[in-house]
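A closer look at the structure
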Amino acid sequence: MAHVVTLIELTRQGGIAASARGLLAAATSLGTPVAVVAAGTGVDGAVAAQLGLLGAAVLYQAVGPQADSVLTAPAVEALEAAVAAYAPVAVLTANSVDGREAAARLAVRVGGALLADAVSVRLDGERIIAGHSIFGGAYDVESAVEGGLPIITVRQGAIDGVESTGGGAVEIITAALAGTGPGARIDSVNDAATGATRPELRVAKTVVSGGRGLGSKENFALVEQLADALGAAVGASRAAVDAGYIDQHAQVGQTGVSVSPQLYIALGISGAIQHRAGMQTAKTIVAINKDADSPIFDVADFGIVGDVFTVVPQLLHALEARPV
Ligand code: FAD
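Everything in this summary refers to the structure shown in the same document. (Residues numbered from 1 in each chain as written. Predicted model: local features only at pLDDT ≥ 70, side-chain atom pairs only at ≥ 80, totals over all residues. Heavy atoms only, no water.)

Okay, the pairing of strand 12 (residues 233-236) next. The two faces of strand 12 match: Ala 233 and Gly 235 on one face and Val 234 and Ala 236 on the other face are all buried. The sheet contact formed by strand 11 (residues 206-210) and strand 12 spans four bridges and is parallel. Across the sheet, the residue bridging to Val 207 is Ala 233, located in strand 12. For the crossover that starts at strand 11, traverses helix 6 (residues 221-230) and ends in the parallel strand 12, the hand is right-handed. (Buried < 20%, exposed > 50% of the residue type's maximum accessible area, 1.4 Å probe, protein only. Helix = DSSP H or I, 4+ residues; strand = E, 2+ residues; numbered from the N terminus. Pairing = 2+ DSSP bridges. Right-handed = clockwise from strand over helix to strand, strands pointing away.)

The end-to-end C-alpha separation of helix 10 (residues 308-320) is 18 Å, in line with the 18 Å expected for 13 residues at 1.5 Å each. In this fold, the buried residues of helix 10 make contact with helix 6, strand 13 (263-267), strand 14 (284-289) and strand 15 (302-305). The N-terminus of helix 10 is capped by Asp 307, whose side-chain oxygen sits 2.8 Å from the backbone nitrogen of Phe 309. (Expected span 1.5 Å × (residues − 1). Contact = heavy atoms within 4.5 Å. Polar contact = N/O pair within 3.5 Å; in protein donor to acceptor, adjacent residues only side chain to side chain.)

Before going further, it helps to examine the site of the ligand. Of all residues adjacent to the ligand, which total 26 residues, the nearest are Arg 212, Ser 237, Thr 255, Ser 270 and Asn 289. Take Gln 254: an N or O atom from its main chain is 3.0 Å from an oxygen atom of the ligand. For the ligand, whose unbound accessible area comes to 990 Å², protein coverage reaches 76%. More than half of the atoms of the ligand fall within 2 Å of the grid points belonging to the second largest pocket. Among the secondary structure elements, those contributing two or more residues to the shell around the ligand are helix 7 (238-242), helix 8 (273-276) and helix 10. Grouping the amino acids of the shell around the ligand by side-chain chemistry returns six nonpolar, 15 polar and five charged. (Near = heavy atom within 4 Å. Areas by Shrake-Rupley, 256 points an atom, 1.4 Å probe, with all protein chains shown as cover. 1 Å grid on protein atoms, 1.4 Å probe; cavity = no way out; pocket = protein on both sides within 12 Å on 5 of 7 lines; lining within 4 Å. Sits in = over half its atoms within 2 Å of the grid points. Nonpolar A, V, L, I, M, F, W, Y, C, P; charged D, E, K, R; others polar.)

This part is about the sheet that holds strand 12. One open sheet accounts for five strands, arranged 12-11-13-14-15; its pairing is parallel. Both outer strands of the open sheet, strand 12 and strand 15, are each paired with one neighbouring strand and no more. Across the sheet, the mean angle separating the axes of adjacent strands is 15° when strand polarity is ignored. Two elements, strand 14 and strand 15, share four bridges in a ladder whose sense is parallel. From the neighbouring strand, Ala 287 faces strand 15, where its bridge partner is Gly 303. Across the face of the sheet, helix 6 comes into contact with strand 11, strand 12 and strand 13 while running at roughly 170° to strand 11. Against the sheet, helix 10 touches strand 13, strand 14 and strand 15, its axis set at about 130° to strand 14. (Axes fitted to C-alpha atoms, helices over the stretch in contact; angles between N-to-C directions.)

The next thing to look at is empty space enclosed by the protein. Inspection of every chain in the model, using the stated rule, returns one cavity of 30 Å³ or more. Space inside the largest cavity adds up to approximately 50 Å³. Around the largest cavity, the lining residues are Ser 19, Gly 22, Leu 23, Val 154, Arg 155, Gln 156, Gly 157, Ala 158 and Ile 159. At three residues, the largest contribution of residues to the lining of the largest cavity is made by helix 1 (residues 19-30). (Points joined across faces, edges and corners; volume = space filled by probe spheres on them.)

Pairing between the strands of a sheet is mediated by backbone hydrogen bonds and can be parallel or antiparallel. Read from one edge of the open sheet, three strands run 6-7-8, paired in antiparallel fashion. Whereas interior strands pair on both sides, the edge strands pair on one side only; in this sheet they are strand 6 (120-124) and strand 8 (139-143). On average, each strand axis in the sheet is inclined to that of its neighbour by 30°, with strand direction left out of account. Bridging between strand 6 and strand 7 (residues 127-134) involves five bridges; their strand directions are antiparallel. Bridge pairing links Val 121 to Ala 130 in strand 7. Relative to the sheet, helix 1 contacts strand 6 and strand 7, its axis offset from that of strand 6 by approximately 5°.

Written out as structure tokens, the structure reads:
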């Protein structure tokens, strides 16, 4: 089977970024996945084994100190080397800041074509087709490359990961980074504080978002309470962010983050097109809004017309009463 090169991002602690699951599942549906990492001293055995379980047939690790001290360039170099070694039919990266940049740079280097923000990938004969949700989720379209290597950035959370129950053996290839490419040097890193133990918004399976309907920063705690009861990440509309109810990192939408969770709960959010652009590909959408004509109900699978301050406490009560 043809190879599919996949850029795996690592966390600062050396673990696999959550985007790896969906990427490797997408790569598996197209061919034989080659997981590419750029890592200072290489990844440890547990990480390699986990990549195998997620579907990687080959782990191609490009090692060198610059992987920890230079932005993006080492990942691009690693991808370029893997493309030369495996002649893949496609390259997949996460549609993250780093993934997008690596994909674009790689496209320039190898004369490939970039298909951005795919929510699905499939084979049509030998052709690779990427699906996209565009114009605020109003249209589902497909794209394909007419010439050159398809380099596809995949929206995080859009494609479900599949963990193998079998051995998941992975062949490990180690190459040295030459470090000749240009790249911004990392002088220091400050970890952004995240909400306690909540999952990361972009890759969370459940997201609870609040909008202007919450009315104040104090009331926004209701959104956080429901999120915690469900083990969910907290999101927000831009109006809620602009009003100072929550930090901008939580903004979902056109100028915020795009999410594709299994469950998206919108509380007091009207469903403006700019908000829908970031959440419409969620598998199940639940909306609670006191205005029955709110556009959020046009995209909701389940809608409750009601006051969030009446409905959400009842929901929390019901969740608490669940047998554990
Ligand atoms: P509103 O539209 O004011 O809606 C509040 C809702 O709460 C109403 O539907 C109301 O019925 C309901 N409500 C009020 N009280 C209650 C209650 N007690 N119980 C239940 N329901 C209640 N927006 C984003 O979200 N993300 C973006 O990335 C984004 N990018 C943008 C980019 C551009 C270029 C522009 C022009 C706009 C962008 N916006 C974005 C803003 C967007 O157009 C909307 O203004 C915004 O999404 C509205 O937020 P909201 O739904 O919280 O507020």
